[in-house]
Structure formats: structure tokens, C-alpha cells
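Residues per chain, in single letters:
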Amino acid sequence: MRTVKEVSKLTGVSVRTMHHYDAIGLLKPAKVTAAGYRMYDDIALCRLSI
């Protein structure tokens, strides 16, 4: 599992854009921690790269 910041660094997609994708349902995180951190798995990374 990777945080939104880690995914942003790997893909070049900004954190703000990742948050927007979540808000519109385009790319939902695999889970959200109790503290509210979005966590993405390898499946989400594959979806983002397509």
C-alpha cells in the first residue's frame, strides 16, 4: 500500500489531482486509514497508468 504522496511521486500526477479523482469516483483508494490517509494498492496504480 502506498500513500497518495508516494503515488504522486511515482506517477507524476499531483496530489491535488489524485484527490479530485477520488472525489469524482475516477480512482478510489484501496482504503482510507482512521486518520483519513488515502492508501493505494498496485491495482489502483495500474488503473492510473492506463
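The following paragraphs examine the structure supplied in this document.

Definitions and limits used
Residues numbered from 1 in each chain as written. Predicted model: local features only at pLDDT ≥ 70, side-chain atom pairs only at ≥ 80, totals over all residues. Heavy atoms only, no water. Pairing = 2+ DSSP bridges. Helix = DSSP H or I, 4+ residues; strand = E, 2+ residues; numbered from the N terminus. Salt bridge = Lys/Arg side-chain N within 4 Å of Asp/Glu carboxyl O. Buried < 20%, exposed > 50% of the residue type's maximum accessible area, 1.4 Å probe, protein only. Core = buried A, V, L, I, M, F, W, Y, C linked by side-chain atoms within 4.5 Å. Contact = heavy atoms within 4.5 Å.

This next bit is on the sheet that holds strand 1 (residues 2-3). What links the strands of a sheet is backbone hydrogen bonding, and the strands pair in either a parallel or an antiparallel sense. If you trace the three strands from one edge of the open sheet to the other, you get 1-3-2, paired in antiparallel fashion. The open sheet has two edge strands, strand 1 and strand 2 (31-32), and neither has a second partner.

Side chains that differ in sign of charge can pair as their charged atoms come close. Counted by the stated rule, this structure contains three salt bridges. Note that D42 is salt-bridged to R2, the shortest N-O span being 2.9 Å. Of the two residues, D42 sits in helix 3 (residues 42-49) while R2 sits in strand 1, which places them 40 residues apart along the sequence. Given the relative accessible area of 28%, R2 is considered partly exposed. Residue D22 is joined to K28 by a salt bridge in which the shortest nitrogen-to-oxygen separation is 3.3 Å. Among the charged side chains, a salt-bridge network with shared partners connects D22, K28 and R38.

With that settled, consider the side chain of S8. Mapping S8 onto the fold places it in helix 1 (residues 4-11). Here S8 falls in the buried class, since its relative accessible area comes to 13%.

If you look at the biggest cluster of nonpolar residues, it comprises nine residues: V4, V7, V13, M18, L27, Y40, A44, L45 and L48. The greatest single-element share of this core, amounting to three residues, is contributed by helix 3. In this structure V7 touches R2, G12, M18, Y40, L45 and L48, once residues within four positions along its chain are discounted.

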